[in-house]
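Okay, here's what each chain looks like letter by letter:
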Amino acid sequence: MNTENTDKQPIENESENVINGVETAEELSIEEQLQEDLAKEKDKFLRLFAEFENYKKRNAKERMDLFKTANQEVLQVLLPVLDDFDRALIQISKIEDEVLLKGVALIHEKLKNVLASKGLEELETRIGDVFNADFAEAITQIPAPSEDLKGKIVDVLEKGYKLGDKIIRFPKVVIGN
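Below is a short write-up of the structure. All chains use their own residue numbering, which begins from 1 and follows the written sequence. Totals for whole chains, interfaces and linings use all residues, but because this is a predicted model, local features are given only for residues with pLDDT of at least 70 and pairs of side-chain atoms are given and counted only at 80 or more. To obtain the side-chain values, all non-hydrogen atoms of the structure were used and water was disregarded.

**What to know about the pattern of salt bridges**
Turning to step 1, where the next piece is worked out: Salt-bridge detection follows one rule: a side-chain nitrogen of Lys or Arg within 4 Å of a carboxyl oxygen of Asp or Glu. Within the structure shown, the criterion is met by 12 salt bridges.
Turning to step 2, where the next piece is worked out: Note that Lys-44 is salt-bridged to Glu-41, the shortest N-O span being 3.8 Å. Of this pair, Lys-44 and Glu-41 both sit in helix α1 (residues 2-69), 3 residues apart, which is roughly one turn of that helix.
Turning to step 3, where the next piece is worked out: Burial here depends on accessible area, computed with a 1.4 Å probe over protein chains only, as a share of the maximum for the residue type. Under 20% is buried, over 50% is exposed, and the range in between is partly exposed. By relative accessible area, Lys-44 is classed as exposed at 54%.
Turning to step 4, where the next piece is worked out: Judged by its relative accessible area of 47%, Glu-41 falls in the partly exposed class.
Turning to step 5, where the next piece is worked out: Where Glu-124 meets Arg-126, a salt bridge forms, and the shortest distance between an N and an O atom there is 3.9 Å. Strands here are runs of E lasting at least two residues and helices are runs of H or I lasting at least four, both read from the DSSP assignment and numbered beginning at the N terminus.

**A few points about the sheet that holds strand β4 (residues 161-163)**
Turning to step 1, where the next piece is worked out: Strand pairing is assigned whenever DSSP identifies at least 2 bridges connecting the two strands. Here 3 strands make up an open sheet; going across it, the order is β1-β4-β5 and the pairing antiparallel. The open sheet has two free edges, formed respectively by β1 (120-122) and β5 (166-169), since each of these has just one partner strand. Taking the axes of each pair of neighbouring strands and ignoring which way they run, one obtains an average angle of 40 degrees across the sheet.
Turning to step 2, where the next piece is worked out: One ladder, built from 3 bridges, connects β4 with β5; its direction is antiparallel. Among the inter-strand pairings, Lys-162 is bridged to a residue of β5, identified as Ile-167.
Turning to step 3, where the next piece is worked out: Sheet contacts for helix α2 (residues 72-95): β1, β4 and β5; angle to β5, the most-contacted strand, approximately 55 degrees. Between the N-to-C directions of two axes lies an angle of 0 to 180 degrees, each axis being a line fitted to C-alpha atoms and, for a helix, fitted only over the stretch in contact. Two residues form a contact once any of their heavy atoms are found within 4.5 Å.

**A look at the packing of aromatic side chains**
Turning to step 1, where the next piece is worked out: To pair, rings of Phe, Tyr and Trp, with the six-membered ring standing in for Trp, must have centres within 6.5 Å; the planes then decide the type, stacked if under 30 degrees apart, edge-to-face if over 60, and tilted in the middle. Applying the stated rule across the entire model yields 2 aromatic pairs.
Turning to step 2, where the next piece is worked out: Ring plane angle 25 degrees and centroid distance 6.2 Å describe the contact between Phe-45 and Phe-49, whose orientation is recorded as stacked. Of this pair, Phe-45 and Phe-49 both sit in helix α1, 4 residues apart, roughly one helical turn.
Turning to step 3, where the next piece is worked out: On the basis of relative accessibility, which here comes to 54%, the residue Phe-45 falls in the exposed class.

**What to know about the side chain of Asp-83**
Turning to step 1, where the next piece is worked out: Checked against the element boundaries, Asp-83 lands in helix α2.
Turning to step 2, where the next piece is worked out: A residue is classified by how much of its surface remains accessible, and Asp-83, at 6% relative accessible area, is buried.
Turning to step 3, where the next piece is worked out: What Asp-83 contacts, discounting residues up to four positions off in sequence, is Glu-158, Tyr-161 and Arg-169.

**Let's talk about the sheet that holds strand β2 (residues 137-142)**
Turning to step 1, where the next piece is worked out: One open sheet accounts for 3 strands, arranged β2-β6-β3; its pairing is mixed. Strands with a single pairing partner mark the edges of an open sheet, and in this sheet they are β2 and β3 (153-158). Taking the axes of each pair of neighbouring strands and ignoring which way they run, one obtains an average angle of 25 degrees across the sheet.
Turning to step 2, where the next piece is worked out: Note that β3 and strand β6 (residues 172-176) share 4 bridges and pair antiparallel. Along β6, the bridge assignment pairs Ile-153 with Ile-175.

And the structure:
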């Protein structure tokens, strides 16, 4: 019986080691699983945080753009009044009434300054400039008065304006061909 006892004892020890080995492996796999879960949750958190930061930046940019162009409709309605002032100045200068010309010019400048303070800028379009369809609207083409004006702006019928970086009215021009 002694031999049986010694035979049984190593078997019991082996089974305990196997059980302990499995438990240790299970504990490691649980620990590894928890670490993987933690890594996944950290990744989710970082992505969500980055997405929220992008949202805040985009929202702030949209708000700034809205403030810049909030007056666009009002300014567009006032542009024909500004054009009328330009035409009035031309006609008044023809009758050579200096007092009337000076008064209308002062009011015209005051209106231009108020509109400029709200962000309105006149687009620079001059006779002789090369026509660019991205920045001007061609109303018609006429025979060029000279060879050097072919494909260039011959006359500016209506000035163009921009509000901030956005063009709110394209200049209307006549092109020589």
